[in-house]
Each structure stands twice: as structure tokens, then as C-alpha cells.
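A closer look at the structure
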Amino acid sequence: MLNLDFHPSGRHFLQIPGPSPVPDRILRAMSLPTIDHRGPEFGALGREILGKIKKVFKTRNPVIIYPASGTGAWEAALINTLSPGDQVLMFETGHFATLWQKMARRLGLEPEFIGLPGYEGWRHGVQADMIETRLKQDGDHRIKAVCVVHNETSTGVTSDIAAVRRAIDAAGHPALLLVDTISGLASADYRHDEWGVDVTISGSQKGLMLPPGISFNAISDKAIAASKTALLPKSFWAWDEILESNQNGYWPYTPSTNLLYGLNESLDMLLEEGFEHVFARHQRWGAGVRTAVEAWGLEIQCLEPAVYSPVLTGVVMPEGVDADAVRKIIYERFDLSLGAGLGKAKGRMFRIGHLGDCNDLTLIATLGGCEAGMKLAGVELASSGVTEALDYFANHTLENAK
Ligand SMILES: *Cc1c(COP(=O)(O)O)cnc(C)c1O
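Heads up: these notes are all about the structure in this document. The structure presented is a predicted model; accordingly, all values stated were derived computationally and were not measured. Residue positions are given per chain, counting from 1 as you read along its sequence in written order. Predicted model: local features are reported for residues with pLDDT of at least 70 only, side-chain atom pairs are reported and counted for 80 or more only, and whole-chain, interface and lining totals are derived from all residues. Side-chain numbers come from the whole structure's heavy atoms, not from hydrogens or water.

**Observations concerning the pattern of salt bridges**
Note that side chains of opposite charge can pair when their charged atoms are close. In the sections that follow, a salt bridge refers to a side-chain nitrogen of Lys or Arg positioned within 4 Å of a carboxyl oxygen of Asp or Glu. Here the structure, examined in full by the defined rule, presents 19 salt bridges. Note that Glu92 is salt-bridged to Lys344, the shortest N-O span being 2.9 Å. Of this pair, Glu92 sits in the loop between strand 3 (87-91) and helix 4 (95-106) while Lys344 sits in the loop between strand 14 (339-340) and strand 15 (349-353), and the two are 252 residues apart along the sequence. Relative accessibility thresholds used throughout: buried, under 20% of the residue-type maximum; exposed, over 50%; partly exposed, between the two (1.4 Å probe, protein chains only). Judged by relative accessible area, Glu92 falls into the buried class, the value being 15%. As a salt-bridge pair, Asp324 and Arg327 come within 3.3 Å of each other at their nearest N and O atoms. One end of the pair is Asp324 and the other is Arg327, both in helix 11 (residues 323-334) and three residues apart, which spans about a single turn. On the accessibility criterion, Asp324 (16% relative accessible area) is buried. Since its relative accessible area comes to 23%, Arg327 is described here as partly exposed. When salt bridges that share partners are traced, they join Lys58, Asp189, Arg191 and Glu194 into one network. Note on conventions: DSSP H or I runs of at least 4 residues are helices, E runs of at least 2 residues are strands, and numbering of each starts at the N terminus.

Here it is in C-alpha cells:
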């Protein structure tokens, strides 16, 4: 009897914008036996990782590594630097900015959530001039931090972090700058020191190509100073004990040993390839995927070409089409996972991840699954996006992709 249950063969297409596909080289590194996290071998590994991780954030300062998802590192950034009732200025770019804002409120902070009116903000990046205007009104410096998401994973829009730094400086305001680049790091250009960021938050399962489970705080001297007087309760997340243990390559509690093996391998892969190459590869994939969306005659969620995300593309469905129903068909028929529309974007669009361990042909197959699935769902397409994307990839090398 033919079994009609779902028994996929070959590899699942994990084209959500995180977790991203984990390369075999990393999976093999993680399969080694777990070692004593207080032994000398571990100390050497810890010191090596803590040195190399700084290069990804482009910082000379320490980077804290937590055995937690990205959400934990969000919390760590807020509670290490702020006190109960502190005002924080947060910018609404999408669902992740919204969740971070909710967290700030739950922690006893007073977030002020600004952004473009209505749904507009979910189709644009940060508006640094709005931050500058608001900070200039805050003459007695009650705002203690400005929080921005660098790569808004719910929409496929990046934000210009250097511009936010300039806005804070132009206002002559002492607020800390906290930035979430959970999905941007190691796929999109990011510069913690040069952009004057005080705390950068990231996670393992996106550009770093690891499974979920570790996350990061890169910290400035100003953030470390703030952590000494900040009064929100903290223990597990407190930087001071971690920094002290890290000096010898250890952690105050049991770290995620096998994920750290994977991180060490991921850092080697990225450093061997070189960040310029990694970023160019993602830019080119983004351009190829957008070529397909345009050929389909569909809208891209991001309305500002200057801030298209190199990590993912949000594909807007025509009026009356439920994006989740389309995704369901694509998943069931082609074993391909796409990102759902989140929050205000639920049902309106789906997201194609093009980050980490992909290549031209996995993306062509992904676009093939999207195209066939949309046709099955009755979405009218202007022309074949797969054909256009294939031409784009055939005719553009990393050098001539813009
Ligand atoms: C994935 C993601 C998060 C949440 O991270 P978790 O690991 O799911 O806790 C937060 N912000 C952004 C921008 C993300 O992409």
C-alpha cells in the first residue's frame, strides 16, 4: 500500500529567516564529546572564542555569551544598564521592535515607542531625524537609552545605525544606544565600535549559522560604567561575574559547551571567507530574490531600496490572498519552510530567508517552491520569477552584483 503520510526525502528547505540552515562542518564540530567546563582544555577553547567573537561585532571590548535565545540577551542588555522607571526611546520598525518594547515595559521601564504612523513604519527603516527631534526636547535627559533593531526580521528592512548615533550626538544627548542585530550579525555589515553602539544584542541561529541557544551582548565602556550603578535586579544575566570568569576562558555557570564548539567552527568559517565576501554574497542573494518578486508582479514589503535587507525578503500578497494559506501549501507540497507574517503583517505577506548556508541553487529551488505554491493557491503572477532570478544569478558574479 502506498503510504500517503508525509515522508519527505532529501533535505528540508529551511528558508525562514532564522534558524538558518546549519552547515555540515558546524554539525560535525558540535558532535564531539562534551568536555569538563572547568578543565584546562575548555579554558583554552573559551579564550579562543572570546577573542575571535570580537571580530564579528567589530569591537575591541568584551562580548558576553549567554546560554540563551536572543530574547535573553535583549533582557540582559536592558537590565544591566537601566534602573526601574527609566525612560527609554524605542523605534517601531516591526514585530521584533514591538516585542522588545513590551519586554521593557514588563521589566519596569518606561518605553516611549515612536515611529512612522500606521503600517508605514513596518515598511521603512529607522527615521533618525525623529530620534534627534525627540532627544532635543528632553532637556533634562530623562531618556536613558535609545533602542533600535538593525535588521527587522519581521519585515526585511534594515536600519541605519550610524545615522542614529549621529542623531544622538547632534542632540548632545547622553542616552545609551542599544541595538538588536540578532538577525543582521554576520550577514549584514555591522560595526559596534565605529557606530558608537553601547550594547549590541545578537543570537546564534541566524547569520552565525548555528542552532538556536546562545546569544550575545557586545558592550562599550560606557555600558560597563552604567552597569555598575543600574538598579534593575539581575543575577544570571549580570555582566560583572561573567566578565571576571571570562578572563580565563570560563563562565560562572555551565556554558553550552557543544554550541560553543559550533561557534568556534562558525567563526573560523567566517574569518576564512572574510566579512566583505560574506556581506557581498548576502547582498547578491537579496538582489536575486527581489528580481523574482518583481517578475511575479508582487510588492516587496520594504519600500526603501537603500535599506533592503540582505538577510530576508518580505513578499506581499495581493489583496484577498491569505499569505499563511499560501505558506501552508508550499510547506505541505514542497517541504519548504518560509517565514510567516508576524504581528501587524500577519496573513499579509511571507518572508524568504536568504542567509547563512545557502547558495544560488538552493535559492532557485526556494523560489521554485514559492512560485509553484502561489500558483496552486490561485495567486496571479505576472511572469516567472524563477527564470528571472536564474538569469540574475547567471549574469551577476559577486563583483558585478550591485
Ligand atoms: C530572532 C530575533 C529575535 C528573537 O530571538 P530568539 O532567539 O527567538 O529569542 C529578536 N530580534 C530579532 C531582530 C530577531 O531576528
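**A few points about the sheet that holds strand 5 (residues 143-149)**
In this description, strands pair whenever DSSP reports at least two bridges between them. Pairing is mixed in the open sheet, where seven strands are placed in the order 2-10-9-8-5-3-4. Sheet topology places strand 2 (63-66) and strand 4 (110-114) at the edges, where each strand pairs with a single neighbour. Pairwise comparison of adjacent strand axes, ignoring direction, gives a mean angle of 20° for this sheet. Sheet topology note: the strand 8 (residues 176-180)/strand 9 (residues 199-203) ladder contains three bridges and is parallel. Note on strand 9: the bridge partner recorded for Val179 is Thr200. Across the sheet, helix 5 (residues 128-137) lies against strand 3, strand 4 and strand 5, angled at about 160° from strand 3, the strand it touches most. Axis lines are fitted to C-alpha atoms, over the contacting stretch for helices. Their N-to-C directions set the angle, which ranges from 0 to 180 degrees. Only heavy atoms matter for contacts: two residues are in contact if any of them lie within 4.5 Å across the pair.

**Points about the layout of surface pockets**
Estimates place the volume of the largest pocket at around 350 Å³. Points on a 1 Å grid over protein atoms alone make up a cavity when a 1.4 Å probe fits among them but cannot get out, and a pocket when they form an open set with protein on both sides within 12 Å along at least five of seven lines; lining residues each have an atom within 4 Å of a point. Along the wall of the largest pocket there are 17 residues; nearest its centre are His150, Thr158, Asp189, Gln283 and Ala306. Where the lining of the largest pocket is concerned, the elements lending two or more residues are helix 6 (161-170) and helix 10 (275-296). Here the lining of the largest pocket takes three residues from helix 10, the largest share from any one element. Side-chain classes follow a simple rule in which Ala, Val, Leu, Ile, Met, Phe, Trp, Tyr, Cys and Pro form the nonpolar group, Asp, Glu, Lys and Arg form the charged group, and the remainder, Gly included, forms the polar group. Taken together, the residues that form the lining of the largest pocket break down as 10 nonpolar, four polar and three charged. Grid points are joined across faces, edges and corners, and a volume is the space filled by probe spheres set on the points. Size it by volume and the second largest pocket reaches roughly 300 Å³. Looking at the second largest pocket, it is lined by 15 residues, and the ones nearest its centre are Arg11, His12, Pro21, Val22 and Asp357. Secondary structure elements with two or more residues in the lining of the second largest pocket: strand 1 (13-14) and helix 1 (24-30). When grouped by side-chain class, the residues that make up the lining of the second largest pocket number eight nonpolar, four polar and three charged.

**A word on empty space enclosed by the protein**
Applying the stated rule across the entire model yields one cavity of 30 Å³ or more. Empty space within the largest cavity amounts to approximately 30 Å³. Ranked by the residues each element gives to the lining of the largest cavity, the list is headed by strand 12 (residues 312-316), at three residues. When its residues are assigned to classes, the lining of the largest cavity shows four nonpolar, five polar and one charged.

**Points about the nonpolar core**
The term nonpolar core refers to a set of buried residues drawn from Ala, Val, Leu, Ile, Met, Phe, Trp, Tyr and Cys, joined through side-chain atoms within 4.5 Å. If you look at the biggest cluster of nonpolar residues, it comprises 86 residues, and the most contacted ones within it are Tyr66, Trp100, Ile131, Val146 and Leu263. The next biggest cluster of nonpolar side chains, apart from the first, holds 33 residues, and it includes Tyr308, Val326, Leu363 and Tyr392.

**Concerning the sheet that holds strand 15**
The four strands lie next to each other as 11-12-15-14, forming an open sheet whose pairing is antiparallel. Both outer strands of the open sheet, strand 11 (299-300) and strand 14, are each paired with one neighbouring strand and no more. Running at roughly 45° to strand 15, helix 11 makes contact with strand 14 and strand 15 of the sheet.

**What to know about the site of the ligand**
Taken together, the neighbourhood of the ligand is formed by 13 residues, with Ser69, Thr71, Thr153, Asp180 and Lys206 sitting nearest. For the ligand, an oxygen atom lies 2.5 Å from a polar atom in the side chain of Thr71. Polar contacts here mean pairs of N or O atoms no more than 3.5 Å apart (in protein, one a potential hydrogen donor and the other a potential acceptor; neighbouring residues in sequence count only if both atoms are side-chain atoms). Between the ligand and Gln205 there is a distance of 2.8 Å, counted from an oxygen atom to a side-chain nitrogen or oxygen. In the complex, 88% of the free accessible area of the ligand, which totals 380 Å², lies under the protein chains. It is helix 3 (residues 70-81) that provides the largest number of residues to the shell around the ligand, a total of three residues. Proximity criterion: a residue is near a molecule or strand once any of its heavy atoms comes within 4 Å of it. For accessible areas, the Shrake-Rupley method is used with a probe of radius 1.4 Å. Any residue's cover is judged against the shown protein chains and nothing else.

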